[in-house]
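Each chain is listed here by its residues.
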Amino acid sequence: MRTIELLAPAKDLICGIEAINHGADAVYIGAPKFGARAAAGNSLDDIKTLCDYAHLYGARIYVALNTILKEDELEEAECLIRQLYDVGTDALIIQDMGITQLDLPPIPLHASTQTDNRTPEKVKFLQNAGFTQVVLARELSLNQIRAIHEQTTVPLEVFVHGALCVSYSGQCYLSAALSGRSANRGECAQYCRLPYTLTDADGKVIADSKHLLSLRDMNRSEYLEALMDAGASSFKIEGRLKDISYVKNITAFYRKRLDAILSRRSEYCRASAGTCTFTFEPVAEKSFNRGFTPFLTEERTADITAFDTPKSLGELVGTVKEIKGNSFTIAGVKQLNNGDGLAFFNTRGDLEGFRVNRVEANRIFPLKMPDIRPKMQIYRNFDQAFEKQLSKPSAERKLAVNIRFSDNSFGFSLEMEDETGARIVINRSFEKEVARKDQQDNIRTQLGKFGNTPFEVSRVEIDLSENWFAPSSLLADMRREGVEKLQVCHRMRYRRELSKRNIANADAALYPEGSLTYLGNVANSRACAFYKKYGVGEIAPAFELSPQKDVPLMFTKHCIRFSMKACPVYQKSVSSFKEPYYLLYKDTRLRLQFDCKNCQMLVYAENK
């Protein structure tokens, strides 16, 4: 059986706990420093609290420490990693290979997608170097994932939902070059979400003020089983900066999808324990999204771009049918509510939003009447009723417990065993006397009152030699003690995975390339030593240490020429515009190069 893991994001402790409650088998969260989302750091105390909570269900906590490190940060990082291990962290997600050369506790290391993991050779190297999980590039197809799985044994982690970086992760230097804010240091300025004007070499405008580097959001919910069969073991939701309603909704959405598959595929098993119940029906479209794409096919996918807006579209609710005074009607089947946030593309092509003040059947009374026209499509990017549901407790996660209540020579015994095999026994001295009424119902009722604990009763077995009187106070006291001991038992039984670096096959772990350019992101002496250890001869410093001129700043599977239906390979088209093409935004001028051999687009920065 292969273990299947649902991995959810958390920007803070509260989001992390709700991710566990809503079905996550693992949660990834930012360290106090050195995470690729600089705005999502967390204290050691909060990480410890989250670890303690997750471990009750056998769920794991992965801490993102996935920036490149400068020389003077190595000692601090080493100290922080020891502290993270001490508070219960199950694994670190890292980009900087210098971390592997530090004096570390036996904490497993996961290779971040920032390490540009897109070939069998690269993943096999990371496996042999001791990494226990590898996060694959988002751009890989099912066949490419399958090829990696067939040549490796390390668990493969894939993104299944959330925002898409337009560039291969770890290979984008646009923000660093233009603003000094490095994506590899967790400070991306998101130049990819800006509106650009596309011109050709003669200055002719091809597209005006469009978000030409902005992609839709990923949604692979229809491909989960295919991803499993291709070899993926961990399914990752993007969103360490997303709010709690996103975490709740999207985690629950994928939990239900995965459970449906696992229920009929016995060769796969879930990575943690406990059954989740929800007070709402999860709907992916109701959380932040720019429109969806699976971004998974071998050939070019047509629907990956979000040229019109980088903002959240939400769900399509219908089209404008009739405008009358300060109201309008919608042709659609979605139920709208007072307080909903709606949006539409205005006559200029910009996404414009407004709030619903009142709804009467399909007639909408906005707070302020927007300039809408008949047949315009209307989207809902804030569902008032749905968000109200998610603002309250919206899920419970419970471990099933079997109970046996019996008598002994000096009183009573209570045995509890949950679905993970954790088992405790409570013995109490008590002077027994035969009861006048049957005790069975009261015993079951009192022992089943688990309330706000991680447990719920699956079965109560009563094995008494006589109809002994069992006071409710005694039963409640034994149940409370049993629950406390069962939680302690869980923590004692929980076993963290240990690092495989001590058994890494160093001889077989030669790096696939003999030299590294700025694309290797080597920013310190320890990272340099790592690559030299594995056969790399020439190593250039990271772009952040030594900015390069006239080099590609972005490598992307997204191709503007393809999006414009002018691809000479797939669409057999001949463009009337003269290359090179340029993207213009204020003082920013970007030159595009089309690498058809490798089917990718390269982006350079130029001065006007």
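Structure first, text after, so check above.
A brief look at the structure comes next. (Residues numbered from 1 in each chain as written. Predicted model: local features only at pLDDT ≥ 70, side-chain atom pairs only at ≥ 80, totals over all residues. Heavy atoms only, no water.)

Take the sheet that holds strand β29 (residues 588–595) next. The six strands lie next to each other as β9-β8-β28-β29-β30-β27, forming an open sheet whose pairing is antiparallel. On the outer flanks of this sheet lie β9 (205–210) and β27 (554–556), each paired with one strand and no other. On average, each strand axis in the sheet is inclined to that of its neighbour by 20 degrees, with strand direction left out of account. Where strand β8 (residues 196–199) meets strand β28 (residues 582–585), three bridges bridge the pair, whose relative direction is antiparallel. What sits directly across from T199, in β28, is Y582. (Pairing = 2+ DSSP bridges. Helix = DSSP H or I, 4+ residues; strand = E, 2+ residues; numbered from the N terminus. Axes fitted to C-alpha atoms, helices over the stretch in contact; angles between N-to-C directions.)

The next thing to look at is the pairing of strand β17 (residues 341–345). Most of β17 is tucked away, with four of its five residues classed as buried. Pairing of β17 with strand β18 (residues 351–360), which is carried by five bridges, proceeds in the antiparallel orientation. When the sheet's bridge partners are listed, F344 is paired in β18 with E352. The turn linking β17 back onto β18 is made up of five residues, and G349 within it adopts a positive phi angle of 90 degrees. Looking at chain direction, β17 and strand β20 (residues 377–382) are connected through three bridges and run antiparallel. Opposite L342, over in β20, you have R380 as the bridge partner. (Buried < 20%, exposed > 50% of the residue type's maximum accessible area, 1.4 Å probe, protein only.)

Attention shifts here to the pairing of strand β4 (residues 91–94). The side chains of a regular strand alternate, residue by residue, between the two faces of the sheet. Because side chains alternate across β4, one face comprises the buried residues A91 and I93, and the other comprises L92 and I94, equally buried. As judged from the four bridges shared by strand β3 (residues 60–65) and β4, these two strands associate in the parallel manner. Within β4, the residue paired with A64 across the bridge is I93. One crossover worth recording links β3 to the parallel β4 by way of helix α3 (residues 74–86), and it is right-handed. Here β4 pairs with strand β5 (residues 109–111) via three bridges, running parallel. Considered in β5, the bridge of I94 is made with A111. (Right-handed = clockwise from strand over helix to strand, strands pointing away.)

A few words on the sheet that holds β20. With antiparallel pairing, six strands are arranged side by side around a closed barrel as β15-β16-β19-β18-β17-β20. Looking at each pair of strands side by side, their axes are set apart by 50 degrees on average, direction ignored. Relative to strand β19 (residues 363–366), strand β16 (residues 327–331) runs antiparallel, the two being bridged by two bridges. Along β19, the bridge assignment pairs T329 with R363.

Right, let's talk about the packing of aromatic side chains for a bit. Tallied over the entire structure, the rule returns 22 aromatic pairs. Ring geometry for F530 and Y534: centres 4.9 Å apart, planes at 70 degrees, overall edge-to-face. Y534 carries the same exposure label as F530, and that label is buried. What links up through ring pairs into an aromatic cluster is the set F125, Y511, F530, Y531 and Y534. (Phe/Tyr/Trp six-rings, centres within 6.5 Å; stacked < 30°, edge-to-face > 60°.)

Okay, helix α2 (residues 44–55) next. Each α-helix winds once per 3.6 residues, and so residues spaced three or four apart point in a common direction. Spanning 12 residues, α2 covers 16 Å between terminal C-alpha atoms, matching the ideal 16 Å at 1.5 Å per step. Of all the positions in α2, only I47, L50, C51, A54 and H55 are classed as buried. The buried residues of α2 occupy one face: seen down the axis, they fall within an arc of 120 degrees. Close packing links the buried residues of α2 with α1 (13–21), β2 (26–30), β3 and α3. (Expected span 1.5 Å × (residues − 1). Arc of directions from axis to C-beta. Contact = heavy atoms within 4.5 Å.)

Don't take any of this as a statement about function, it's just geometry.
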